Structure formats: C-alpha cells, structure tokens
Amino acid sequence: MPDSPADNYYRASSNAFAPQPELTGTHRVDLCVIGGGFTGLSAALAAAEAGLSVILLEAETIGFGASGRNGGQLIPGLRWSLRELAASFGINRAKAVFALALTARDLVHGRITRHGIACDLRPGHLEAAHKPAHFAEMCREVELRRSVLGDEALEIIAPADMAQHVGTDQYHGGVLDHGGGHFHPLNYALGLAQACLAAGVRICERSRVTGLEPDGQVETRTANGTVSSAHAVIACDSWTGDLIPTLGSYTVPIMNYNIATAPLSPALADAIMPSNLAVADSRFVLNYYRLSADRRLIFGGGEKYSQSVPADIGAFVRPHMTRLFPALGAIPIDFAWGGVVSVTANRLPHLGRRGNCYFAHGFSGHGALLTTLAGELIAEALTGETQRFGLFEALPHKRFPGGKLLQRPLAALGLIYYAMRDRL
C-alpha cells in the first residue's frame, strides 16, 4: 500500500540512499533476486560475498514492503515454542530447527556491526503475559530452552517486577530475552542495500517483474528488461503467488497497522517504558510497542483480515494503545501507516524451491530476524551447502483451503475465531 513520509515514520526518518535505476536491456548473471526487503537483500549480499554475480529487482523502492513498515521488533526464535516443536517433531529435530532460528539474532547484529548500519539498534525484547496461564507456560518454555539449548539470554520477570520495564498493570509477568531488541527497520534495509552495492550487486528499483520462467535457465522479465540467470530468489512475501501461483495458497495476507506518537517528554517516556525494551504481549492479536530514538511510542495493535484500509489508521490503533497507557490519551499521533504480513497455516516460515527458483515467505510476524537468516540460508544452498536450508525446507506446510475465491475468507474466519477466544 503506498504511503509517504508524512504517513510512515520510518520513511520520514530514513537515512540517505541514492535512487537506483530501472532495469533496461538484457542481462545474464548467476543469480536474480526478486524483492528488495530483508530476505532479498540478505540473499543478494551473501551470494555476492560468495562470488556470484547478482541483480536484485524491486518493484517499488528498497524496503517498500513489510521490511520498511514493521514494528522494528527483534524477536528471537519462531512463532512456535520449543515445547510445541518437540511435541510435533520430537526433541532432536525441534532442537535443530529452533537452534538454527536463534542464529538469526547473531546474523542481524553481525551485519549491522560489519557494515556500520545506523539503525538505532537497542537490546532487549519483553514478551508480556496477557493471562496468568500464559506466564506459567512462558516459565516452562524458559526452563526447557535453558536445559535443551543452553539459552541463558532469557530472564523470567515476575508479575511484581513488570513495573520495572513497562508502565501498565495489565500484565501477569513476562520473559525478557536479552538477545532480542528493536531497531529502525527501513534503515536496516537501506544499510543492507548499501552493503549489496559495495559487494557488486546491481540493484534496480521501479522494476516490477512481469514474467518468470523458473525451469532451466531462469528468465525474469520486467517492462523494459530481461535477466537470464542460473537461479532466482523470490523474496516477495505476500506477493510470492503473483510469480508462482501455486505458492500463493500457502499464505494469507493480514493487514497490520502502526502509529508513532509525537515525541514524549523524558518523564513520560520513562514512566511507560522505563527500560526502553521492545514489548509484545501474548494475545493472539497482539499489541507490540517500543520507543523510537526520538522518544516516540511506536505502537502496533489490531489486525484486519480484509484488504480494505481504515479511513483513519490512527483512530483504529489508538484505543489499543490507550487501554494500556491511559496517560497517552491526549498525545498527538504524528504518523500512522500500514502494511501486509503473510501468514502460513501453521505460522512457521515457508522456504523451498520450485525449479531453479528459491523462495521464502510466510514469516508470520517473526520476520525482522528470520528474513536475514532465510536469505543467507538460500545463498548457502546456492553454493552447495544445503543442510541448514533443508531444516526449514522440510517443515510441513498445508495450503489454506477454499481455492482462489474462498481461501482468504475461510482463513479470516479461523483467525477471527482465535482472536475472539483471546478476548473471552
């Protein structure tokens, strides 16, 4: 969905990045990457570092999609807990998959440090328990991760101690992951793009793909150019099905909305977010929020399962914020924007290969970290190291039922059911 710096806080506060030319003419490279978000940029960068020639095509501008619109929350792990993975796949496979997912936090931190990316990186992510039962489940998960994975980054926060981290009495404890955190997502994307250019990647913006032949020598066409490549990467998330239609049935798009308040006074910012963590609660339709570098509260809350955009995004999100923080009722909202998140049926990311095209989509709200890992796993697979990519590729996925006409309405009904169960 188009927006402007007047709507999207990230665009209004983005680092300088020179516009890249549109694709014209015919080109032959080792790898064509389609999509200029975290996944595509990470795949392009890692592939170029491995010695491959790479062209990256972006339909709009770098970070235009979810990578430049998300809440900026760095949440280690997966949407499934280690306990849930073990119940479905056995403890050994669960350990391998979850341990691989956790490496994403080190990859992102490593890229930021190595390339000097100025993206307001801050440590610490707090999962806040919406119900006492959720807190008990969180505590069991912490003990399992400590015993099975040796994960010492997790700290259990008792209900009485939550006020040290968040200025509301509506939570029943939580878990602080010191390996998580928050950042300015668009500036991270632009930093990756700058690193891609330095590594020899050719980036073409305003170059929407109009045709793709995935078998044999891959042919990727835009309005004014063609790329012939041994392999391609489809890194379009919610728009993956536009290029390979059979993949479209594995995810459904969910509209997600964020607001950024006017800058808060130091006293008010300290009152509601005393330890400057990123916070997400355990609701099915979760609230998530954090402070920006200039002390705005960036808050995401509520989801829509239709593609229609609220007439007033700020008015749509504000009630979720003020239920937690009544003191913000009179604070102006300076920015309000939205974007599309793709969700799989089981809420695990969907990675795989069709012909000579690799793909990764359906990160289901955990994309700020996992996308960088997915891109680098694809680059590994391209150079013959397929074991780690295979761990994610082998995760079972089902198509949403209903076919092209009913798929989204049926999925929406299921999501609404869980959201209502949350409220009840």
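In the block above lies the structure referred to throughout.
Computed from a predicted model, the values in this text were never measured in an experiment.

Student: Please clarify how the pairing of strand S2 (residues 54-57) should be interpreted in this entry.
Tutor: Regular strands place side chains that alternate from one sheet face to the opposite one. Neither face of S2 is open: one carries Val-54 and Leu-56, the other Ile-55 and Leu-57, and all of them are buried. Two strands pair when backbone bridges link them, and strand S1 (residues 25-34) and S2 are joined in this way by 4 bridges, in the parallel orientation. Residue pairing for S2: Leu-31 is matched across the bridge by Val-54. In terms of handedness, the path from S1 via helix H2 (residues 38-49) over to S2 forms a crossover that is right-handed.

Student: How should the packing of aromatic side chains be read in this particular structure?
Tutor: Note on aromatic pairs: each is described by the distance of the centres and the angle between the planes. Scanning all chains against the criterion turns up 11 aromatic pairs. Ring centres of Phe-38 and Tyr-188 lie 5.1 Å apart, and the angle between their planes is 65 degrees; on these two criteria the pair is classed as edge-to-face. One end of the pair, Phe-38, is in helix H2; the other, Tyr-188, is in helix H6 (residues 185-198), and 150 residues separate them in sequence. The exposure class of Tyr-188 is buried, given its relative accessible area of 0%. Members of the aromatic cluster, connected to one another through ring pairs, are Tyr-9, Tyr-10, Phe-335 and Trp-337. Directly above the aromatic system of Phe-64 lies the positively charged group of Arg-69, at a separation of 4.7 Å from the ring centroid. Lying over the aromatic face of Phe-89, Arg-93 brings its terminal NZ or CZ to 4.5 Å of the ring centre.

Student: Help me out: how do you make sense of unusual backbone geometry in this one?
Tutor: Positive phi, close to 50 degrees, is recorded for Asp-237, a residue that is not glycine. Topologically, Asp-237 is positioned in the loop between strand S10 (225-234) and helix H7 (240-243). A residue is classified by how much of its surface remains accessible, and Asp-237, at 18% relative accessible area, is buried. Of note in this structure, Arg-347 is not a glycine but carries a positive phi near 65 degrees. Mapped onto the elements of the fold, Arg-347 is located in the loop between strand S15 (333-344) and strand S16 (350-354).

Student: Looking at this model, I keep getting lost on the packing of helix H4 (residues 91-114) against helix H10 (residues 367-382). Mind explaining?
Tutor: For any two helices packed against each other, one specifies the crossing angle of their axes together with the interaxial distance. Where H4 contacts H10, the two axes come as close as 8 Å, and the packing angle between them is 90 degrees. It follows that H4 is roughly perpendicular to H10 by the angle criterion. Residues Leu-100, Ala-101, Thr-103, Ala-104, Arg-105, Leu-107, Val-108 and Arg-111 of H4 touch H10, and the partners they reach there are Ala-368, Leu-369, Leu-370, Thr-372, Leu-373, Glu-376 and Leu-377. In terms of residue class, the contact of H4 with H10 is made up of 10 nonpolar, 2 polar and 3 charged.

Student: Hey, could you run me through helix H3 (residues 82-89) in this one?
Tutor: Residue pairs three or four apart in sequence face the same way in an α-helix, which turns once every 3.6 residues. Along H3, the residues classified as buried are Leu-82, Leu-85 and Phe-89. Buried residues of H3, viewed axially, fall in a sector of 60 degrees; they line one side. Positive phi shows up at Gly-90, right after H3, with a value of about 90 degrees.

Student: Quick question: what am I supposed to make of the pattern of salt bridges here?
Tutor: Think of it this way: side chains of opposite charge can pair up when their charged atoms draw near. The tally for this structure, following the rule as stated, stands at 15 salt bridges. In this structure, the salt-bridge partner of Arg-114 is Glu-49, at a minimum N-O distance of 3.9 Å. Of this pair, Arg-114 sits in helix H4 while Glu-49 sits in helix H2, placing them 65 residues apart in sequence. Judged by its relative accessible area of 54%, Arg-114 falls in the exposed class. The partly exposed category is assigned to Glu-49, whose relative accessible area is 43%. In this structure, Asp-334 engages Arg-296 in a salt bridge whose closest nitrogen and oxygen atoms are separated by 2.8 Å. Highlighted residues: Asp-334 in strand S15 and Arg-296 in the loop between strand S13 (288-291) and strand S14 (297-304), separated in sequence by 38 residues. Look at Arg-296 and you get buried, because its relative accessible area is 11%.

Cut-offs applied
Residues numbered from 1 in each chain as written. Predicted model: local features only at pLDDT ≥ 70, side-chain atom pairs only at ≥ 80, totals over all residues. Heavy atoms only, no water. Buried < 20%, exposed > 50% of the residue type's maximum accessible area, 1.4 Å probe, protein only. Helix = DSSP H or I, 4+ residues; strand = E, 2+ residues; numbered from the N terminus. Pairing = 2+ DSSP bridges. Right-handed = clockwise from strand over helix to strand, strands pointing away. Phe/Tyr/Trp six-rings, centres within 6.5 Å; stacked < 30°, edge-to-face > 60°. Lys NZ or Arg CZ within 6 Å of the ring centre and 35° of its normal. Axes fitted to C-alpha atoms, helices over the stretch in contact; angles between N-to-C directions. Parallel < 35°, antiparallel > 145°, perpendicular 65-115°, else oblique. Contact = heavy atoms within 4.5 Å. Nonpolar A, V, L, I, M, F, W, Y, C, P; charged D, E, K, R; others polar. Arc of directions from axis to C-beta. Salt bridge = Lys/Arg side-chain N within 4 Å of Asp/Glu carboxyl O.

Without other data, these values stay purely geometric and don't point to any function.
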